[in-house]
Amino acid sequence: MAEDTGVWLSKELSNLADKQKAYENRAFLVAMKKVVEEQNDRMKLLQGEVDGRLWNHEQW
């Protein structure tokens, strides 16, 4: 679910950035999109780490 939200937010930020005429606003939205994408990547990695730790029977 969070991944869907991240994808939706990234698309919305792209759409908003495309509509902006002022460079500062467009640059801010593009930077925010990069942050959202970075957070999505980190969330995927952390979910994988949690799954890996849960399946490691030696640490139970």
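As shown above, the structure is provided for reference.
Attention in this report is confined to the structure presented alongside it. (Residues numbered from 1 in each chain as written. Predicted model: local features only at pLDDT ≥ 70, side-chain atom pairs only at ≥ 80, totals over all residues. Heavy atoms only, no water.)

With that settled, consider the overall build of the chain. Assigned secondary structure in the chain consists of two helices and zero strands. Taking 2.2 N^0.38 as the reference for a compact globule, 60 residues should give roughly 10 Å; the C-alpha atoms of the chain span a radius of gyration of 17 Å, well beyond that estimate. The C-alpha extent of the chain, read off along each of the three principal axes, is 55 × 20 × 10 Å. The buried share of the chain, taken over its 60 residues, is 13%. As displayed, the chain has an accessible area near 5400 Å², and 58% of this comes from carbon and sulfur atoms. In the chain, 9 positive and 11 negative side-chain charges are present, and the distance between their average locations comes to 9 Å. (Helix = DSSP H or I, 4+ residues; strand = E, 2+ residues; numbered from the N terminus. Rg over C-alpha atoms; globule rule 2.2 N^0.38 Å. Buried < 20%, exposed > 50% of the residue type's maximum accessible area, 1.4 Å probe, protein only. Areas by Shrake-Rupley, 256 points an atom, 1.4 Å probe, with all protein chains shown as cover. Lys, Arg positive; Asp, Glu negative; His and termini not counted. Charge placed at Lys NZ, Arg CZ, Asp CG, Glu CD.)

So, about the pattern of salt bridges. Here the structure, examined in full by the defined rule, presents three salt bridges. Its salt-bridge partner being Glu-38, residue Arg-42 comes within 3.2 Å of it at the nearest N-O pair. Here Glu-38 and Arg-42 lie together in helix α2 (residues 23-55), a separation of four residues that amounts to about one turn. On the basis of relative accessible area, Arg-42 is assigned to the exposed category, the value being 52%. The partly exposed category is assigned to Glu-38, whose relative accessible area is 39%. (Salt bridge = Lys/Arg side-chain N within 4 Å of Asp/Glu carboxyl O.)

Along the chain, Asn-25 falls in helix α2. Given the relative accessible area of 38%, Asn-25 is considered partly exposed.

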